[in-house]
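# Analysis of the macromolecular model
Take a look at the letters that make up each chain.
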Amino acid sequence: LLSGYVFCQTCGRRYTARKKTEHSYYSCPKCKDRSLNAAYIETAIWDKIEEMLSKPEVVLVGVEMMHNEAKNEALYCKELEGLEAKLRHMAKEKDRVWKAFLVTGDEAKFTHEVKAVMLGIEELGKRKVELESKIESAKHTEADIQSVKEYCDLVSHNLGNLSFPEKRQTLEALKVRVSIKNGD
């Protein structure tokens, strides 16, 4: 059930599921310090999910956080516009440095200035990717909170009857990530 959702807190690797004799276990492929009984951990995690889904207010807190993040889309777009203007300015600056080098031939100064410009472009590029990701996420986050309440209510009444594929689908929808520390 949890295959792909359990991670080692020590090294960050995904736990693998293995069948030993008649029981299945999860273990970290790197740390290999201990194996966890699959039936035990799956029951414990699914119980937590049932508990969470039976309380829509818990889910709604997460949805509202995402909704608030979506409200920042306009701010992200404005910052992105300013950032793109800075990138255009940095490209012009790079051209200016190149032209100055062609006139003066001062290689040391050219190297120093080009490094500074390229570093600035790289940093702005990273922030641009981050902003574009936040904007895209914000566009997809507009959630109807009442629908979430109704869904949680419906699901909480049927959790005991879900099939294996439906449980896997629920894990995916909730973006479950179980982090296990050796010795827990």
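Criteria and thresholds
Residues numbered from 1 in each chain as written. Predicted model: local features only at pLDDT ≥ 70, side-chain atom pairs only at ≥ 80, totals over all residues. Heavy atoms only, no water. Helix = DSSP H or I, 4+ residues; strand = E, 2+ residues; numbered from the N terminus. Buried < 20%, exposed > 50% of the residue type's maximum accessible area, 1.4 Å probe, protein only. Contact = heavy atoms within 4.5 Å. Areas by Shrake-Rupley, 256 points an atom, 1.4 Å probe, with all protein chains shown as cover. pLDDT = per-residue confidence, 0-100. Core = buried A, V, L, I, M, F, W, Y, C linked by side-chain atoms within 4.5 Å. Pairing = 2+ DSSP bridges. Phe/Tyr/Trp six-rings, centres within 6.5 Å; stacked < 30°, edge-to-face > 60°.

Our next topic: the overall build of the protein chain. Helices and strands together make up the secondary structure of the protein chain, namely six helices and five strands. Residues counted as buried form 27% of the 184 residues belonging to the protein chain. Once local pairs closer than 6 in sequence are excluded, the contacts in the protein chain between residues at least 24 apart make up 64%. A total of about 12600 Å² of accessible surface is found on the protein chain, and carbon and sulfur atoms cover 54% of it.

Looking at the element boundaries, Cys28 is found in the loop between strand S3 (23-27) and strand S4 (35-37). Contacts of Cys28, omitting those with residues within four sequence positions, involve Cys8, Cys11, Arg13 and Tyr15.

The subject of this paragraph is the confidence of the model for the protein chain. Here the protein chain shows a mean pLDDT of 79. Residues at 70 or above account for 82%. Helix H3 (residues 73-104) holds the highest mean pLDDT among the elements of the protein chain, 91, whereas helix H5 (residues 145-158) holds the lowest, 66.

Core analysis: the biggest nonpolar cluster contains 21 residues, and Leu2, Tyr15, Ile41, Leu171 and Ile180 have the highest contact counts within it. Of all the secondary structure elements, the ones that give two or more residues to this core are strand S1 (6-8), helix H1 (38-53), helix H2 (56-71) and strand S5 (178-180). Top contributing element to this core by residue count: H1, with six residues. Core analysis: the next-biggest nonpolar cluster, separate from the first, contains twelve residues, Leu80, Leu87, Phe110 and Leu131 among them.

On to the pairing of strand S2 (residues 16-20), then. Pairing analysis gives five bridges linking S2 to S3, with the strands arranged antiparallel. Pairing of Lys20 across the sheet is with His23, part of S3. Between S2 and S3, which pair antiparallel and follow one another directly, the connecting turn spans two residues, one of which, Thr21, has a positive phi of 50°.

Further remarks concern the packing of aromatic side chains. Under the criterion given, the structure shown has three aromatic pairs. Pairing Trp98 with Phe101 gives two aromatic rings, centres 5.7 Å apart and planes at 40°, and the pair type is tilted. One end of the pair, Trp98, and the other, Phe101, are both in helix H3, three residues apart, so they sit about a helical turn from each other.

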